[in-house]
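Remarks on the overall topology
The lines below spell out each chain.
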Amino acid sequence: MISRVADHCFWFGRYIERAEATARMLGASVSLALDAELPPAQVWRTVIVVSGEEARYLSRVAADDENHPAWGDGELAQRFLVWDEDSGVSLCRSIQGMRWNARSIREVVSHEAWEAVNELHLWMRDDVSATTFAQHREGFYQYVRRSTQLTLGLLRSTMLHDEPLDFMWLGVLLERVNQTARMLDVHHHAFTHLSRRHEVVETALWLSLLRALSGSEAYLKRAAGRISSEGVARFLISEPAFPRSIAYCVHSAYSRLCDIRPPESHELPGGIALERLRVLDTWISARRAEPLAGTGVHDLLTHVVDEVHDICETVGRELLGAPPAAVPTA
Amino acid sequence: MVHSQSQSQSQGSGPGLFDGYPALAGTFDEMFAEGGVARAPFARIAGLLAKVTNDELARSQALAEAALLHQGVTFSVYGDSRGTEKIFPFCLLPRLIAADDFRRLERGLQQRLRALGMFLDDIYGDQKILAAGVIPPDMVLGAAGYCATLRGVKPPGGVRIHISGVDLIRDPDGTWRVLEDNLRTPSGVSYVVENRLLSKRMFPRMLDAARVHRVDHYPTRLAETLRSVSPTQASGSDGNAVVLTPGPYNSAYFEHSFLARTMGLELVQAPDLFVDGDKVYCRTTRGPRRIDVIYRRTDEAFLDPEVFRPDSVLGVAGLMRAYAAGNVALANAPGNGVADDKAVYPFVPDMIEFYLSETPILEQVPTYVCLFEDDRKYVLEHLDQMVVKAVDESGGYGMLMGPQSTAEERDEFRRRIEAEPRRYIAQHRIELSSCPTWIAERGAVEPRRVDLRPYILTSREGPWVLPGGLTRVALKRGSYVVNSSQGGGSKDTWVMRDP
């Protein structure tokens, strides 16, 4: 497979997942702001921090003031994370990135999946999306979520299950590890440091986090209805059967990379990335039996985010564009 | 969607499509003869179309355009930083071609492509046609498309014009005439296939009733053509063909990806390829892979910075060495531009007689070659009636449209022709044929001028003509310009099977 094409596949997958994660998080936060009697800044500042756009928000929206009312303004925060063309993580940029990568490998993406991507792109550029955003916020996020889910489903059901799809899925999974880890980290930090801890509020917060990750039903099944900070953290980190848990995503990403670059094929590039992903996978599963206390959650998640960042870089260097070392003698 | 129910409902209610159709005086109408009667081979299909109402057609037309946009069947608009893409305007009313007519075109095009191929072999070989005095050597060797460095290089498989598109027009008598040959990187064939998909969706019963030749096997034939010239074919391998595109910013990118996708080949960009030991390789996730056929949609000038433009970033350094060594087939072969040069065009009928000893089947547009004294005298005396073209310019530049010109413009061209007669040819303006066309803003069917670009694939076994083609239509009222960049659109072209 052509390295440039593999690169587009990988980033196509990452942008799909990023668009979906942003839509999920914003939708869940709207509902959280209504349900839990939290100071608005507690909700929206968290959202901005999770997206990694704290500095830009501070200068662009909050007038360089840490106590600016914009930190608690759900409208401003949402508009920023949906429409800001300069932010690398805004919904409109993710959808552009998704479409640009797909169009660059138009001959690789199946016709039906391409059409789903293109329709989302056209919808986003059309006035109808702005109108929906203004009049029916939940419908807006739902449309994005469903379109990205449709795309992922069509990719799996209409494409050959070989290298291009493996690279797309590798991108989806590594992006998902990141999204889950950051969401959990920031929320865990915020919720365990609430000034007035209150059981009802805390329950609402954890449920909202689970909903943002489409995991509330799955969690409640596993936990028999008991909601606790440690229970939720453990579920999102280690639950092997939940498709958005860190353990599940890291393990699946490792399997995808094994298909792309079999562990025994030492002559092929990609060995370093594969080994690092294997080590991370092993490390995550080993954490399952250990207690999660104090700053343990934060330290664990920081390690995961850092490792995933390095693994993505290594994949890029080894598989997605570096020129070949030598020409084989044919 | 036109389905049986709405068709029966529409009978007798509201005006039919062709009620009050105003034929365009002085043109040959493709569907209707004098007096508004449908031409005999099209009587049945014209009758079916006439039952569609304007409202139904407007609705189908809007659906078709939405489908094109959703599927991303678009071209990039150059100079637009937001990367705007547009659909190529499309008219659902098909352009019909009778079986007899097309059979003649087919034979004529095959003959023409055989002669043009032999001409290229000769020019890059012994140059017998020049020695025989059939074409003035200066016309050929001075052409911008002539590549002296390629003399003596034999293309793998012996084919040079794998893919061609020949532009044809029809004069007021209904005579088909070749307007120009496109032997380098002709585009538009993806619209032929896509337009047919729209016809199938919008007019399913009609298409069936009309007994139309299919066009969707073009990509399969193209893939066979490419395989047939693979230099490693003899060793039993299936070869490894790719499509080379300048990239997603190119206006024809949709077509490049379309062809790669429908042939199941990889679409590569220049940085994906490199040359080592005069062999071409592709950079893959599993290391280099040998490539032996390249359907290149990059202009020759950008193909190899070692040979052509050194500033090209769209090229592959060393590609021409690999080609000259016979290790990679390029489709189309570099150097073809000498055969579709405007100055060489007037001599194609002479080539047919010289190489094939046959009488040319297809007419072309009578052309005056200013290098010849008699022709030059005639052109200078009739400048106000002629279209004068500089042979080394295209896209409407360097042209004098005599009937619309001012005295100063004519004087300017007179000076230029006298200074450099070789650079100029002249033709009388030919009135293009017209075709019933849906004009949305007027909510009615009106005649508009059309041309036709059939596509010809040449493999080791010889030329094959796709029974169909791209009908381009000048959508602006009174316009002769069919180019998509200047208000042109396209139509599906229905070539009738034998009755």
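Heads up: these notes are all about the structure in this document. (Residues numbered from 1 in each chain as written. Chains lettered and ligands numbered in written order. Predicted model: local features only at pLDDT ≥ 70, side-chain atom pairs only at ≥ 80, totals over all residues.)

Thoughts on the overall build of chain A
- Scanning chain A from N- to C-terminus turns up 15 helices and 0 strands.
- Its C-alpha atoms give chain A a radius of gyration of 20 Å, within 12% of the compact-globule value 20 Å for 330 residues.
- Referenced to the eigenvectors of the C-alpha coordinate spread, the extents of chain A come out at roughly 70 × 50 × 40 Å.
- Expressed as a percentage of its 330 residues, the buried residues of chain A come to 46%.
- Pairs at least 24 residues apart make up 73% of the contacts formed inside chain A by residues separated by at least 6 positions. (Helix = DSSP H or I, 4+ residues; strand = E, 2+ residues; numbered from the N terminus. Rg over C-alpha atoms; globule rule 2.2 N^0.38 Å. Buried ≥ 20, exposed ≤ 12 C-beta atoms within 10 Å, placed from the backbone. Contact = placed C-beta atoms within 7 Å.)

A closer look at the sheet that holds strand β6 (residues 241–244) of chain B
Residues and elements named next belong to chain B.
- Pairing is parallel in the open sheet, where 4 strands are placed in the order β7-β6-β11-β12. Unpaired on one side and paired on the other, β7 (266–268) and β12 (329–331) mark the two borders of the sheet. Across the sheet, the mean angle separating the axes of adjacent strands is 30 degrees when strand polarity is ignored.
- By the bridge criterion, 4 bridges tie β6 to strand β11 (residues 293–296) in an arrangement that is parallel. In the sheet register, Leu 244 faces β11, and the bridge partner there is Arg 296.
- The strands touched by helix α10 (residues 253–263) within the sheet are β6 and β7, with β7 carrying the most contacts at an inclination of about 150 degrees. (Pairing = 2+ DSSP bridges. Axes fitted to C-alpha atoms, helices over the stretch in contact; angles between N-to-C directions.)

With respect to the interface of chain A and chain B
- Counting residues at the interface gives 23 residues for chain A and 24 residues for chain B.
- Of all the elements in the fold, those that place two or more residues in the side of chain A that touches chain B are α1 (3–35), α5 (91–104) and α6 (111–125) of chain A.
- Per element, the largest residue contribution to the side of chain A that touches chain B is 5 residues, and it comes from α6(A).
- Here the residues of the side of chain A that touches chain B sort into 13 nonpolar, 3 polar and 7 charged. (Nonpolar A, V, L, I, M, F, W, Y, C, P; charged D, E, K, R; others polar.)

Quick word on the environment of B:Glu65
- Take B:Glu65: it is sitting in helix α3 (residues 54–70).
- In the structure, B:Glu65 is positioned 24 residues away from B:Pro89 in sequence and 8.0 Å away in space, judged by C-alpha atoms.

Quick notes on the pairing of strand β17 (residues 424–428) of chain B
Residues and elements named next belong to chain B.
- Of all 5 residues in β17, 4 are buried; the element is thus mostly enclosed.
- As paired strands, strand β14 (residues 367–369) and β17 are joined by 3 bridges and run antiparallel to one another. Residue pairing across strands places Tyr 368 opposite Ala 426, the latter belonging to β17.
- With 5 bridges joining them, strand β15 (residues 386–390) and β17 adopt antiparallel strand pairing. Bridge pairing in β17 places Ala 390 opposite Tyr 424.

Some points on the packing of helix α4 (residues 99–123) of chain B against helix α12 (residues 348–356) of chain B
All names here are of chain B.
- Running from N to C, α4 and α12 point in directions that differ by 80 degrees, and their axes come no closer than 9 Å. In this view, α4 runs roughly perpendicular relative to α12, as classed from their interaxial angle. Of the residues in α12, those touching α4 at Gln 111, Arg 112, Arg 114, Ala 115, Leu 116, Met 118 and Phe 119 are Val 348, Met 351, Ile 352, Tyr 355 and Leu 356.
- Taken together, the residues of the contact of α4 with α12 break down into 9 nonpolar, 1 polar and 2 charged. (Parallel < 35°, antiparallel > 145°, perpendicular 65-115°, else oblique.)

Comments concerning the pairing of strand β5 (residues 176–182) of chain B
Residue and element names in this part refer to chain B.
- Across 6 bridges, strand β4 (residues 163–170) lies against β5 in antiparallel orientation. Bridge assignment links Ile 169 to a residue of β5, and that residue is Arg 177.
- If you look at the hairpin formed by β4 and β5, you'll find 5 residues sitting between the two strands, and Gly 174 has a positive phi there, around 90 degrees.
- As paired strands, β5 and strand β13 (residues 363–364) are joined by 2 bridges and run parallel to one another.

Thoughts on the sheet that holds β15(B)
Residues and elements named next belong to chain B.
- Overall, antiparallel pairing links the 4 strands, which are arranged β14-β17-β15-β16 in an open sheet. Of all strands in the sheet, those bounded by a partner on one side alone are β14 and β16 (399–401). Pairs of neighbouring strands in the sheet enclose a mean axial angle of 20 degrees, with direction left out of account.

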